[in-house]
Amino acid sequence: MTSPPHLQRRKVRADAAKPAPRPMPPPDNSISSFWSRMSWRKPLALTHADEASSGEHAHMERTLGCFDLLMIGIGGTVGSGVFATAGLIARAYAGPGAVLSWVFAGLGCILSGASFMELSCMIPSAGSTYAYAYHSLGELPAMIAGMLLTLEYGVSSAGGARSWSDKLVAWLTHLGIPGPAWMKPKDSSIDLYAGLLMVEPFFPPLAMLCTVIVLCGMSAGKRLINTITITKISVVLFIIVVGLSQFRTTNFLDPFLPPTSRNEHDQTVFGWPGVMLGASASFYGYIGYDEVCCLAAEAKNPKRDIPRAVFGTVIGAAFLSTMATLSLVGMQKYSAIDIGESYGTAFHELGMSWAASVVETGEVVTMPVGILIGFLAQPRVQFAMARDGLLPGVFGVLDKHGNPFYGTLICGSVLTLVAVCIPFKYLWDFISLGILVAFNVTNTCLLAVRYRHSAVGRPVASVVAEPYRVFALISAFLVASYLSAYHVQESILAPRVADGSWRARYMQHFGLHGAGVFTSLTVVTVGLLALTTPQPADLLPKESPEAVNAVMPDTPSTTASTDNESSVVTQPDDGEDDDAHVPQLNNPKEHTDVAAFQAPCVPVFPCLAIWFNWFLAIQIPSLIVVLMGVYFAGACGLYTIYGLRGQHSLASRHTQPYAAVPEA
């Protein structure tokens, strides 16, 4: 049916009055454009809109309470630490001093945990450190943070599967039913038992628990996690009680700190250097509380429950790991500890086969929950990155239950290959270094958020231009704190012998002077930050909600496109805070009557955590550091090719008026 003639004439006049569409300029791939996009920060309004929008795909449901989060944290932490690494730390690194290693690592986690708690309240979304870095540091740091979380969640679950395989073989051997030799050949790195734990459900004959539960959704997964975590805590308490009943003072104190020596990786082991080396290694057993933050998008009340679950996870994991290690080094001489099956072998040596059977069975049954928890977090990090255009769109597709189905399938396939082919000893240091760097990224995010709107001290203000004062001061602290920790380690705590190398000569002549100079610079930068008043996140500038449509009309992250093309937004990057232009949207799913957690003693606590994490990272072998650099280079290459040149990233769609970008 046609419109009346007068309506047709009115439509023609209206169409003629509209301005002609302006052609979009070609993409600007200059260095300045690349820098503006790499340093572009994601406003909180976009993050909250992602969580609150109801586009064409379902979003993750908030089904996790405080108890669920606490069980996820402890379940992912205790198994990795007590069962997988406690024996190795005591046998190869610290001796009975491994007890102090767990205590020091726990203190470091408490310092970093305060930053996680505040940032998770401000940004309660999937992604953890990735989301924090995107808002406070920029898009390229967010890409690197996301790849670090892949180490912390995905690769660590593969490493846990390898450790579980050793315990499974020992358990089957003690039962008198050893498995086929081809499943785990002696002189090969192939381990099909570990692959069985990680294998995907599209291999029906080999389908196993982890991936299946993840694909069934968080509602089903949390019930299993809660049950197995309670069982795991019971097993650890059994180890503590029975082990302490067999405690021998001579095993623990003769000697408590064995004489220092150098291992095959040129690391100083035993003595106080070995204690700190053990502390860096034990960070593999403290990854659970970060996984809690990664699941903030599925928490019922993230502002209230995430801080409680993080603090409870660190305290609970530190207590259980420390006491279990104490019982281990008291039952058996540290030099006789079996790295593969520590507690079961110790009970067998004491003639307590019944206790060994309980422990070995508990380890084999409950350790997979740690792999499951890492597997729960990993696809959600990829989901957040894909939603922001930093990974292919298949990782951001959710099924009708709000689960990243295809991302889980792809991730599980890759991690299965890692678990089958790479031994745990090669994954361990790599994962620990990634965790330490990720923790430092989070602490840096807190400093950037708190001081972005503060007036920095005059010595810095007189030298550096306004938009970069905070950035320059924080960068100076990061460099000075790393060099301070390095010189303290190499010249005071574990001085190198005069072997003729350039490093030994430098430390012999300038190590103590360098330690004093760089430590003084670290204290000065912290003092300059302390002279200003850090601003809590809930006092940052905000605008009225009506301003969103004026700044972000039809944002690709929140509005589904009907013609498979995303809308284009012009938002020049002038170096100021993005949240000064974009309002903070309130998520209707959140409880607004709960005050957000504020980290205490800023900047002292986050700065001290950064220095301590650098100090532990220095203990990692140089080869692992080089491999980490190669890993970072790969992340930067992926970001440049896909995110920038492919124009998929949020920065490419917000900093300049680019042509329409196809949806991922």
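Just above sits the structure.
In this text, all values refer to a predicted model and were calculated from it rather than measured experimentally. (Residues numbered from 1 in each chain as written. Predicted model: local features only at pLDDT ≥ 70, side-chain atom pairs only at ≥ 80, totals over all residues. Heavy atoms only, no water.)

### Observations regarding the overall build of the protein chain
Stage number 1. For the protein chain, the count of helices and strands is 26 helices and two strands.
Stage number 2. The buried share of the protein chain, reckoned over its 664 residues, is 57%.
Stage number 3. Here the analysis covers contacts within the protein chain between residues at least 6 apart in sequence; of these, 81% occur between residues at least 24 apart.
Stage number 4. Accessible surface, the protein chain: about 26600 Å² in total, of which carbon and sulfur atoms supply 66%. (Helix = DSSP H or I, 4+ residues; strand = E, 2+ residues; numbered from the N terminus. Buried < 20%, exposed > 50% of the residue type's maximum accessible area, 1.4 Å probe, protein only. Contact = heavy atoms within 4.5 Å. Areas by Shrake-Rupley, 256 points an atom, 1.4 Å probe, with all protein chains shown as cover.)

### Section: the environment of T525
Stage number 1. Residue position: T525 is located in helix α22 (residues 502-530).
Stage number 2. We classify T525 as buried; its relative accessible area is 8%.
Stage number 3. Sequence separation between T525 and L478 is 47 residues, and the spatial gap between their C-alpha atoms is 9.4 Å.
Stage number 4. Look past the residues within four positions of T525 in its chain and what remains in contact with it is L473, A476 and F477.

### Some details on the nonpolar core
Stage number 1. In this structure, Y130, Y132, F283, I306, Y343, F347 and L616 are the most contacted members of the largest nonpolar core, which totals 156 residues.
Stage number 2. When residues of this core are assigned to their parent elements, the largest contribution, 17 residues, is made by helix α19 (residues 424-451).
Stage number 3. Excluding its chain neighbours within four sequence positions, the residues that come into contact with L616 are M276, A279, S280, F283 and L436. (Core = buried A, V, L, I, M, F, W, Y, C linked by side-chain atoms within 4.5 Å.)

### Concerning helix α14 (residues 302-331)
Side chains three or four residues apart in an α-helix point the same way, a direct result of the helix having 3.6 residues per turn.
Stage number 1. With 30 residues, α14 should cover 44 Å at 1.5 Å per step; its first-to-last C-alpha distance of 42 Å lies within 8% of that length.
Stage number 2. Where burial is concerned, most of α14 is hidden: 22 out of the 30 residues are buried. (Expected span 1.5 Å × (residues − 1).)

### Thoughts on the environment of S342
Stage number 1. Along the chain, the position of S342 falls in helix α15 (residues 342-349).
Stage number 2. Residue classification places S342 among the buried residues on the basis of a relative accessible area of 1%.
Stage number 3. Considered as a pair, S342 and K167 are 175 residues apart in the sequence and their alpha carbons are 9.2 Å apart.
Stage number 4. Aside from chain neighbours lying at most four places away, what touches S342 is G87, K167, L328, Q332 and I337.

### Examining the layout of surface pockets
Empty space among the atoms becomes apparent when a probe as large as a water molecule is rolled across them.
Stage number 1. Of the pockets and cavities examined, the second largest pocket occupies roughly 1000 Å³.
Stage number 2. The wall of the second largest pocket is formed by 39 residues, among which I422, Y426, L427, W428 and F430 lie closest to the centre.
Stage number 3. Of all elements in the fold, only α4 (66-94), α7 (139-175), α17 (368-387), α18 (405-421), α19 and α25 (622-645) reach the threshold of two or more residues within the lining of the second largest pocket.
Stage number 4. Broken down by element, the lining of the second largest pocket gets its largest block of residues, seven residues, from α19.
Stage number 5. Of the residues assigned to the lining of the second largest pocket, the class counts are 28 nonpolar, seven polar and four charged. (1 Å grid on protein atoms, 1.4 Å probe; cavity = no way out; pocket = protein on both sides within 12 Å on 5 of 7 lines; lining within 4 Å. Points joined across faces, edges and corners; volume = space filled by probe spheres on them. Nonpolar A, V, L, I, M, F, W, Y, C, P; charged D, E, K, R; others polar.)

### Details of the pattern of salt bridges
Stage number 1. Following the criterion strictly, the structure yields three salt bridges and no others.
Stage number 2. For R450, the salt bridge identified is with E118, shortest N-O distance 2.8 Å. Of this pair, R450 sits in helix α19 while E118 sits in helix α5 (residues 98-122), and the two are 332 residues apart along the sequence.
Stage number 3. The buried category is assigned to R450, whose relative accessible area is 5%.
Stage number 4. With relative accessibility at 3%, the residue E118 sits in the buried group.
Stage number 5. For D305, the salt bridge goes to R304, with nearest N and O atoms at 2.8 Å. (Salt bridge = Lys/Arg side-chain N within 4 Å of Asp/Glu carboxyl O.)

### Considerations on α18
Stage number 1. In a regular helix each residue adds 1.5 Å, so 17 residues correspond to 24 Å; α18 covers 25 Å between its end C-alpha atoms and thus fits that length.
Stage number 2. Looking only at α18, the buried set comprises G407, T408, L409, C411, G412, L415, T416, V418, A419 and V420.

### Let's talk about the packing of α7 against helix α16 (residues 353-366)
Stage number 1. Contact geometry of α7 with α16 gives a least axis separation of 9 Å together with a crossing angle of 140°. Here α16 runs oblique to α7, going by the angle between their axes. The chirality of how α7 crosses α16 is left-handed. Across the interface between the two elements, W164, K167, L168, W171 and H174 of α7 pack against E360, T361, E363 and V364 of α16.
Stage number 2. Its residues placed into classes, the contact of α7 with α16 shows four nonpolar, two polar and three charged. (Axes fitted to C-alpha atoms, helices over the stretch in contact; angles between N-to-C directions. Parallel < 35°, antiparallel > 145°, perpendicular 65-115°, else oblique. Left-handed = near helix turned anticlockwise from the far one by under 90°.)

### Some thoughts on a nonpolar patch on the surface
Stage number 1. The grouping of V103, L107, I110, F311 and I315 at the surface amounts to a nonpolar patch, some 410 Å² of accessible area in total.
Stage number 2. When residues of the nonpolar patch are assigned to their parent elements, the largest contribution, three residues, is made by α5.
Stage number 3. Mapped onto the secondary structure, F311 falls in helix α14. (Patch = residues over 30% accessible without salt bridge, like charges linked within 9 Å, V, L, I, M, F, W, Y side chains within 5 Å.)

### Topic: the packing of aromatic side chains
Stage number 1. For the structure on display, the rule yields 12 aromatic pairs.
Stage number 2. Summarising the aromatic geometry, the rings of F252 and F256 are spaced 5.2 Å apart at their centres and angled 65° between planes, so their arrangement reads as edge-to-face.
Stage number 3. Residue class for F252 comes out buried when judged on its relative accessible area of 16%.
Stage number 4. Ring centres 5.8 Å apart and planes at 35° place the aromatic pair Y506 and F510 in the tilted group. Of this pair, Y506 and F510 both sit in helix α22, four residues apart, which is roughly one turn of that helix.
Stage number 5. For Y506, a relative accessible area of 32% puts it in the partly exposed group.
Stage number 6. On the basis of relative accessible area, F510 is assigned to the partly exposed category, the value being 48%.
Stage number 7. Within the aromatic cluster, the residues linked to one another by ring pairs are W40, Y130 and Y134. (Phe/Tyr/Trp six-rings, centres within 6.5 Å; stacked < 30°, edge-to-face > 60°.)

### Structural notes on unusual backbone geometry
Stage number 1. Of note, the bond from D254 into P255 is cis; its omega dihedral lies within 30 degrees of zero at -5°.
Stage number 2. Within the element layout of this structure, P255 appears in the loop between α11 (249-253) and β1 (261-262).
Stage number 3. Each neighbour pair has its own omega, and for V602 with P603 the value is 10°, a cis peptide bond.
Stage number 4. By the element assignment, P603 lies in the loop between α23 (547-551) and α24 (604-617).
Stage number 5. In this structure, F270 takes a positive phi of about 65° despite not being glycine.
Stage number 6. By the element assignment, F270 lies in the loop between β2 (268-269) and α12 (271-282).
Stage number 7. Judged by relative accessible area, F270 falls into the buried class, the value being 12%.
Stage number 8. Phi at C601 takes a positive value of approximately 55°, unusual for a residue other than glycine.
Stage number 9. With respect to the helices and strands, C601 occurs in the loop between α23 and α24.
Stage number 10. Residue C601 is classed as partly exposed on the basis of its relative accessible area of 48%.

### Considering the side chain of S136
Stage number 1. As for its placement among the helices and strands, S136 is situated in helix α6 (residues 129-136).
Stage number 2. Look at S136 and you get buried, because its relative accessible area is 6%.
Stage number 3. Among the polar contacts listed, one links the side chain of S136 to the backbone oxygen of Y132, at a separation of 2.7 Å.
Stage number 4. If near-sequence neighbours (up to four positions away) are discounted, S136 is found in contact with R41, C445, A448, V449 and R452. (Polar contact = N/O pair within 3.5 Å; in protein donor to acceptor, adjacent residues only side chain to side chain.)

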